[in-house]
Amino acid sequence: MTGFLTLLEKEIRRFMKVLVQTVVTPFISSFLYLLVFGVSLGASVPGKDGVSYLAFLIPGLVMMALMNNAFQNSSSSIVSSKFSGDIEDLRVVPLSENEIIWAFALGGLVRGFIVGFVTFMVGQVFHYLQVGTWLGVVHPFALLYFVVAGGLLFGLLGIFVAFWAGSFEHLSAFSSFVLLPLTYLGGVFLSIDHLSPFWQGVSKLNPLLYLINGLRYGMLGVSDVGLVESMTISFVGLVVFYLMARVSLRRGSFQRW
Amino acid sequence: MTGHPIPLQIQNLRKSYGSFQAVNDLSFVVNPGEVFGLLGPNGAGKTTTISIITTLEKRTSGEVKVFGHDVTAESRQAKCKFGVVHQEVINSGFFDLEELLQFQSGYYGIRNNTKRIHELLGRLGLFEHRHKKVKQLSGGMKRRLMIAKALVHSPRLLLLDEPTAGVDLTLRENLWTFVQELRSEGIAVLLTTHYLEEAELLCDRVGILNHGKLEACGPTSKIINQFAQKKIIVETRSAGRKEIMAKTDEVLGDILVASGIDPKDLLDVHVEEGRLEDAFRKLISAPMEAKP
Ligand SMILES: Nc1ncnc2c1ncn2[C@@H]1O[C@H](COP(=O)(O)OP(=O)(O)OP(=O)(O)O)[C@@H](O)[C@H]1O
Ligand SMILES: [Mg+2]
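Note that the structure is a prediction, hence the values are computed from the model and not measured. (Residues numbered from 1 in each chain as written. Chains lettered and ligands numbered in written order. Predicted model: local features only at pLDDT ≥ 70, side-chain atom pairs only at ≥ 80, totals over all residues. Heavy atoms only, no water.)

**Re the packing of aromatic side chains**
All chains considered together, the criterion is met by 16 aromatic pairs over all chains. Both rings, one in A:W102 and one in A:Y242, keep their centres 5.5 Å apart while their planes meet at 10 degrees; by these two values the pair is stacked. You can see A:W102 sitting in helix α5 (residues 97-131) and its partner A:Y242 sitting in helix α10 (residues 227-251), a full 140 residues away along the chain. Centre to centre, the rings of A:Y128 and A:W134 are 4.4 Å apart; their planes meet at 20 degrees, and the pair counts as stacked. Taking the relative accessible area as the measure of exposure, A:Y128 reaches 39% and is therefore partly exposed. Between A:R14 and the ring centre of B:F94, over which it is positioned, the NZ or CZ distance is 5.3 Å. The lysine or arginine in question, A:R216, covers the ring of A:F56, its NZ or CZ lying 3.6 Å from the ring centre. (Phe/Tyr/Trp six-rings, centres within 6.5 Å; stacked < 30°, edge-to-face > 60°. Helix = DSSP H or I, 4+ residues; strand = E, 2+ residues; numbered from the N terminus. Buried < 20%, exposed > 50% of the residue type's maximum accessible area, 1.4 Å probe, protein only. Lys NZ or Arg CZ within 6 Å of the ring centre and 35° of its normal.)

**Examining the side chain of A:D89**
Looking at the secondary structure, you find A:D89 in helix α4 (residues 87-92). Excluding residues within four positions of it along the chain, A:D89 makes contact with B:H86, B:I90, B:Q104 and B:K149. (Contact = heavy atoms within 4.5 Å.)

**Side note on the sheet that holds strand β2 (residues 20-30) of chain B**
Residues and elements named next belong to chain B. Taken together, 4 strands build an open sheet; the order of strands is β2-β1-β4-β5 and the sheet is antiparallel. At either end of the open sheet lies a strand with only one pairing partner, and these are β2 and β5 (69-70). Pairing of strand β4 (residues 61-66) with β5 involves 2 bridges; the strand directions are antiparallel. From the neighbouring strand, K65 faces β5, where its bridge partner is D70. (Pairing = 2+ DSSP bridges.)

**Considering the pattern of salt bridges**
Residues and elements named next belong to chain B. For the structure on display, the rule yields 20 salt bridges over all chains. The partner of R59 in a salt bridge is D70, with the nearest N and O atoms 2.9 Å apart. Taken as a pair, R59 in the loop between α1 (46-53) and β4 and D70 in strand β5 lie far apart in primary sequence, 11 residues in all. Assessed through its relative accessible area of 21%, R59 is described here as partly exposed. For D70, a relative accessible area of 14% translates into the label buried. E181 is the partner of R123 in a salt bridge, and the nearest nitrogen-oxygen pair spans 3.0 Å. (Salt bridge = Lys/Arg side-chain N within 4 Å of Asp/Glu carboxyl O.)

**Details of the environment of A:L109**
Residue and element names in this part refer to chain A. With respect to the helices and strands, the residue L109 is situated in helix α5. C-alpha of L109 to C-alpha of M67: the two residues are 42 residues apart in sequence and 8.5 Å apart in space. The residues touching L109, leaving out its near neighbours within four places in the chain, are A70, V147, V148, G151 and L152.

**Topic: the interface of chain A and chain B**
Residue-level contacts link 27 residues of chain A with 28 residues of chain B. In total, about 2600 Å² of surface goes out of reach between chain A and chain B, with carbon and sulfur atoms giving 58% of it. The largest contributions to the chain A side of the interface with chain B come from A:R91, A:V92 and A:P94, which together make up 24% of the buried area. If you look at where chain A meets chain B, you find 5 salt bridges. Residue B:K149 is joined to A:D89 by a salt bridge in which the shortest nitrogen-to-oxygen separation is 2.6 Å. Counting the contacts that link chain A with chain B gives 7 residue pairs in polar contact (both at pLDDT 80 or more). Of all the secondary-structure elements, those providing two or more residues to the side of chain A that touches chain B are α1 (2-17) and α4 of chain A. Tallying contributions element by element places α1(A) first for the side of chain A that touches chain B, with 10 residues. When its residues are assigned to classes, the side of chain A that touches chain B shows 8 nonpolar, 7 polar and 12 charged. (Buried area = accessible area lost by both parts, 1.4 Å probe. Polar contact = N/O pair within 3.5 Å; in protein donor to acceptor, adjacent residues only side chain to side chain. Nonpolar A, V, L, I, M, F, W, Y, C, P; charged D, E, K, R; others polar.)

**Observations concerning the site of ligand 1**
Residues and elements named next belong to chain B. As a structural note, the neighbourhood of ligand 1 is formed by 14 residues, with N42, K46, T47, T48 and H194 the closest of them. At a separation of 2.9 Å, an oxygen atom of ligand 1 approaches a polar backbone atom of G45. Between ligand 1 and E162 there is a distance of 3.3 Å, counted from an oxygen atom to a side-chain nitrogen or oxygen. Protein chains shield 63% of the accessible area of ligand 1, which is 640 Å² for the free molecule. The set of elements that each furnish at least two residues to the shell around ligand 1 consists of β2 and α1. If you tally residues by element for the shell around ligand 1, the top one is α1, at 3 residues. (Near = heavy atom within 4 Å. Areas by Shrake-Rupley, 256 points an atom, 1.4 Å probe, with all protein chains shown as cover.)

**Some points on the layout of surface pockets**
Roughly 570 Å³ of volume is contained in the largest pocket. Along its surface, the largest pocket is lined by 26 residues, and A:R91, A:E97, A:R250, B:T55 and B:K79 are the ones closest to its centre. For the lining of the largest pocket, the secondary structure elements donating two or more residues are α4, α5 and α10 of chain A together with α2 (75-81) of chain B. Split into classes, the residues belonging to the lining of the largest pocket amount to 9 nonpolar, 7 polar and 10 charged. Forming the walls of the second largest pocket are 20 residues, and the residues nearest its centre are A:S29, A:M64, A:A65, A:N68 and A:N69. For the lining of the second largest pocket, the secondary structure elements donating two or more residues are α2 (19-41), α3 (53-84), α5 and α7 (168-184) of chain A. For the lining of the second largest pocket, a count of residues per class yields 9 nonpolar, 10 polar and 1 charged. (1 Å grid on protein atoms, 1.4 Å probe; cavity = no way out; pocket = protein on both sides within 12 Å on 5 of 7 lines; lining within 4 Å. Points joined across faces, edges and corners; volume = space filled by probe spheres on them.)

**Re the confidence of the model for chain A**
Predicted confidence across chain A gives a mean pLDDT of 90, with 99% of residues reaching 70 or more. Averaged pLDDT values for the elements of chain A fall to 84 in α2(A) and rise to 95 in helix α6 (residues 140-164) of chain A. (pLDDT = per-residue confidence, 0-100.)

**Some remarks on the nonpolar core**
Within soluble globular proteins, side chains that are nonpolar generally end up buried alongside one another. Counting residues in hydrophobic clusters, the biggest one holds 147 residues, and the most contacted among them are A:F154, A:L156, A:M219, B:L8, B:F28, B:V66 and B:L190. At 16 residues, α3(A) tops the list of elements feeding residues into this core. Contact partners of A:L156, with chain neighbours within four places excluded, come to A:I101, A:W102, A:A105, A:L238, A:F241, A:Y242 and A:A245. Counting 7 residues, the second-largest nonpolar core is a separate cluster that includes B:A246, B:I255, B:L256 and B:I261. (Core = buried A, V, L, I, M, F, W, Y, C linked by side-chain atoms within 4.5 Å.)

**Quick look at empty space enclosed by the protein**
Evaluation of the coordinates by the stated rule reveals 3 cavities of 30 Å³ or more. Each pocket or cavity is described by its volume, and for the largest cavity that value is around 110 Å³. Considering the residues around the largest cavity, the lining is formed by 14 residues, among which A:D89, B:V84, B:Q104, B:K149 and B:A150 are closest to the centre. Elements that contribute at least two residues to the lining of the largest cavity include exactly α4 of chain A together with β6 (82-85) and α5 (139-151) of chain B. Looking at the lining of the largest cavity residue by residue, the classes come out as 8 nonpolar, 4 polar and 2 charged.

Below, the structure written as structure tokens:
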């Protein structure tokens, strides 16, 4: 247990050391997204079920920030350890595979949560300035569920990708060719109601759709997909990604680059 | 249950990369309070052997036990008992020395290990650098940091892969003293090195590895005896300078008598003792017996 807590502490303190990069960057990017999409374009884009477009956008951005940062935290930690060579230490010290996996996944969740929260607060300010009211949380438990599921899931995905990656390029290729499209097409900016039935069907194959809509349901009470469906798919995703992380830890390389 | 007495036991260990045999039927033990030197040319399989002990590499077959615990089947128990210093220096960038050593201790289940950490930093001459980042250290300091890191949990077996490579003479001598201190505390040390005078000085026993095979293994003096010769340079009135090669344990008088030298004829005698280096050279360069 001490070993696990130590690794978790190290993961958290690692991103705390680069807090500016961790918090300021998403602060600026969420500010820009809200300004461009929420305020400027938002006037002409319909929301969903009586919710304004700005309000619709905020939970999407929160989930996007959460997922990205959870993924970033575990994957960049592992990849930079591969680069400096201290990844070998992880194999040599008496930490079990589960301790390693959950320390990294929770580290990702914590960072994702902090950045998601910053994004939420930026969104609140925009909402207040635009609409004149603060954004409430309609279903706090659902919100919590999807925050935890999303953070862990992407922390686990980061472990999987980082252990298989053979270079920094592999990692950034995964981010830009897999993660980014899935995020953008997962209903962050638009409700799939606006798509043709064919593209709606395609969108429903994207697991990120369920996490994003789950969080949106928690915050606003609206969603493109059913709550139970979202919860189930998120949970199954969590299990699958855990198993993938586990396999990568066993089979992947601890060799330094 | 009492602790298993043998720190390291390797039996019929094999490791192949595809069709290439990096380690070939290797067997040896390291006893408590013993410094064992694993010697061999580049690519002999030393690092591979150490990597198998530390579970960084998977063995192809054979047995590796640390204090009786199989390194893969009972890896947790085995890992708690050894510390390792890798051949390559590690460069982690975020934390200072003291933080790194605290984390390392935590991985072994030890919280607030400050006393031990300060003691190690002191003994390795790093105490005043404890708030520096790794990248601010010189190469030799990094190596000492790695040694401190390997010892935070007071292991009873220490694996040192070329700890003195690229280290200056003073520091090397300090490290020798340090290893001797560890030995006197009863810690078993497995050491690889390319400096054979170092191995001769430090190692109670050595194993000489070539192409993954153990060519010879035993007490250092015995290996020297068996494979190296001493050189006796005699100067006589009648024949001038002459070199006589002899086994290291032969008595000088007997050698002179056997060579038919009359003590009255003798001007000067100079003896060059057999060196591990000679034994090493002989073992490594010996034509390999018909191998398939
Ligand atoms: N991952 C690998 N894949 C293929 N071959 C490898 C791999 N790792 C090591 N080898 C080979 O195994 C052999 C033994 O390597 P090893 O690193 O154990 O040598 P060493 O005795 O430590 O040498 P040195 O003194 O140079 O450190 C070498 O021929 C090396 O090329
Ligand atoms: Mg080596």
